Amino acid sequence: MSSENLPQSPAQEPRKPRVAVVFGGRSSEHAISVVTAGAVLRAIDREKYDVLPIGITTDGRWALTADEPDRMAIADRTLPSVEDLAESTEGGVVLSVDPGNREVVLSEPGSVPKALGEVDVVFPMLHGPYGEDGTLQGLLELSGVPYVGSGVLASAVGQDKEYMKRVFISFGLPVGPYEVIRPREWENDPSAARKKIVDFAGEHGWPLFIKPARGGSSMGITKVGDLSGLDEAIEEAQRHDPKILVESLLRGREIECGVLEFEDGPRASVPAEIPPVTSHDFYDFEAKYIDSAAGLVPAPLTEEQTAEVRRLAVEAFDAASCEGLVRADFFLLDSGEFVINEINTMPGFTPISMYPRMWQETGVSYPELVDRLIQAALRRPTGLR
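Quick caveat, the model's predicted, so the values are computed rather than measured. (Residues numbered from 1 in each chain as written. Predicted model: local features only at pLDDT ≥ 70, side-chain atom pairs only at ≥ 80, totals over all residues. Heavy atoms only, no water.)

A closer look at the pattern of salt bridges
Opposite charge on two side chains allows them to pair when their charged atoms are near.
Right, so step 1: Applying the stated criterion across every chain yields a total of 31 salt bridges.
Right, so step 2: A salt bridge links Glu263 to Arg379; its shortest N-O distance comes to 3.8 Å. Here the residue Glu263 occupies a position in the loop between β12 (252–262) and β13 (265–268), and Arg379 occupies one in helix α12 (residues 366–379), the gap between them amounting to 116 residues.
Right, so step 3: On the basis of relative accessibility, which here comes to 58%, the residue Glu263 falls in the exposed class. (Salt bridge = Lys/Arg side-chain N within 4 Å of Asp/Glu carboxyl O. Helix = DSSP H or I, 4+ residues; strand = E, 2+ residues; numbered from the N terminus. Buried < 20%, exposed > 50% of the residue type's maximum accessible area, 1.4 Å probe, protein only.)

Pasting the structure below:
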C-alpha cells in the first residue's frame, strides 16, 4: 500500500510563543509596574502570542491574575495593585529553575498543582528593587527562560545610581557632581555624614537633591534648600533605600532619549524635553503619573544637539552592557554641554510615558515597540553572551 493511501493525521499548527508578563513586585514602585503592565498587555498582538499575566504581590507572592488591562490603570487618583487582580489569595505561581523545563505551575493549598504550560519568554514589567535590579533576571537565567531587557549586571548597574555613575565616568561620559551616604555612615555617625553633605553643598551650592540610590519613578526625592530640611529629606529617602545619593542642582534643560535594540544593534529615538513643571517643585512622582505632566516630543534642539544626545544615549547603553531597551536622561546645561543623569533599564510604558512617546515620534508604534522587544528577547540566549 502506498503511503499516499494511508490515513493522514491533521497537520498541527505551530504553537504561538507564550509570553509571561510579570509585574507588581515588592518595591515602592509596585503600582506603576501594574499600570505599565496593563498598557503592555493591551498592546501585545494576541494573534501572534499567547499571554500569561503573573503578578507579584507586595509581600513577594507570585499570583495568577486576570488578563484585564482596564483594571490596571490609575482611576480617580487611586493606584492599582496585584492584590486586587490576583485570582486567589492563597498559593502561588512557581517557575522551575530547571533550564530544561520552562513549565509554570500553579500551586494552591489542598489542591493538586496545576500545570499552566510552558513559557517561551518573560516580559518583566517590574520597576525598582526585587525585579528591575538583576534579581529577577538572575532567576530567569537559572531557569533558562529568555526575557525582555537587560541582563543581571546591566540591570544591577542601572538600578544603583552610584555604580551607574562610576561606570559612566570610567567610559568618559559626562556626569554631574554627586555624593553617596552609605547606611553604616548614617547609622554610626550621623554628624559626620551630615558634615559630608554640607561640605558638598559648600563646594557645589544649594539646593541639593536627596534621593534613594536605588529607587525610581522619582519616589523619595526631596529638593533641599538649606541644612534645616536635610534630616527630614534623608528620612524620606531612606523609606525607599538605606543608601542615599546627594546631587547638586544642574541648571539647564531636562532631555530624555530612548534606546531600542534592533537586529543590527541599538538605535536612539528622537529626544524629548521635560519642561519646567510650574505646579511641582521638580518632575516628581505626582507630576509624572498623577497630574500627567507633558513632555515635548521631539525636543526643540538643534540638529547638532539632537545628534549628540542620541550618540551619548547609545554610548551609555553600551557602557552598562544593556540589552533590549533603555531610557537615558540628560541635562543640557546652560553652557551647552550634555550631562547624563541616569539610565532606566525598564522605563515606564504607561500611556503617558516618555519612552513609547519618543519611539512613536521616531516611527515605531506602541504595538511594534512591544513586538520588537519580545522578538529581541526570543533571539537572545540566556547564559553568558
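Once you've had a look at it, read on.
Focus on the sheet that holds strand β3 (residues 62–64)
Right, so step 1: Strands sit in the order β3-β2-β1-β7 across an open sheet of four strands; the sheet is mixed. Each of the sheet's edge strands pairs with one partner strand only, and the pair in question is β3 and β7 (121–125). The sheet shows a mean angle of 30° between the axes of neighbouring strands, direction not considered.
Right, so step 2: Pairing of strand β2 (residues 50–56) with β3, which is carried by three bridges, proceeds in the antiparallel orientation. Paired with Ile54 across the strands is Leu64, a residue of β3.
Right, so step 3: Lying on the sheet, α12 is in contact with β1 (18–24) and β7; it crosses β7 at an angle near 130°. (Pairing = 2+ DSSP bridges. Axes fitted to C-alpha atoms, helices over the stretch in contact; angles between N-to-C directions. Contact = heavy atoms within 4.5 Å.)

Let's talk about the confidence of the model for the protein chain
Right, so step 1: For the protein chain, mean pLDDT is 90; residues scoring 70 or higher make up 92% of the total.
Right, so step 2: Low pLDDT (under 50) marks residues 288–292, which in the prediction has 19 contacts with non-local residues, meaning those over four places away or in another chain. (pLDDT = per-residue confidence, 0-100.)

Remarks on the packing of helix α1 (residues 30–43) against α12
Right, so step 1: In contact at an axis separation of 9 Å, α1 and α12 are set at 95° when each is read in the N-to-C sense. Judged by the angle between their axes, α1 and α12 are roughly perpendicular. Residues Ala39, Val40 and Ala43 of α1 form the contact with α12, whose participating residues are Tyr366, Pro367 and Val370.
Right, so step 2: The residue makeup of the contact of α1 with α12, split by class, is six nonpolar, no polar and no charged. (Parallel < 35°, antiparallel > 145°, perpendicular 65-115°, else oblique. Nonpolar A, V, L, I, M, F, W, Y, C, P; charged D, E, K, R; others polar.)

What to know about α1
Right, so step 1: Taking 1.5 Å of rise per residue, 14 residues should cover 20 Å, and α1 covers 20 Å from first to last C-alpha, within 8% of that figure.
Right, so step 2: Where burial is concerned, most of α1 is hidden: 13 out of the 14 residues are buried. (Expected span 1.5 Å × (residues − 1).)

Section: the pairing of β13
Right, so step 1: Relative to β13, β12 runs antiparallel, the two being bridged by four bridges. Bridging across to β13, Phe262 finds its partner in Gly265.
Right, so step 2: Where β12 folds back on β13, the antiparallel hairpin that results is connected by two residues.

As for helix α3 (residues 135–143)
Right, so step 1: Every buried residue of α3 is listed here: Leu136, Gln137, Gly138, Leu140 and Ser143.
Right, so step 2: Looking at the residues trailing α3, positive phi occurs at Gly144, about 70°.

Things to note about unusual backbone geometry
Right, so step 1: Trp206 connects to Pro207 through a cis peptide bond whose omega is 0°.
Right, so step 2: In this structure, Pro207 sits in the loop between α7 (190–204) and β9 (208–212).
Right, so step 3: Each neighbour pair has its own omega, and for Val297 with Pro298 the value is 0°, a cis peptide bond.
Right, so step 4: Residue Tyr130 is not a glycine yet carries a positive backbone phi of 65°.
Right, so step 5: Following the sequence through the fold, Tyr130 ends up in the loop between β7 and α3.
Right, so step 6: Non-glycine residue Ser321 carries a positive phi angle of around 60°.

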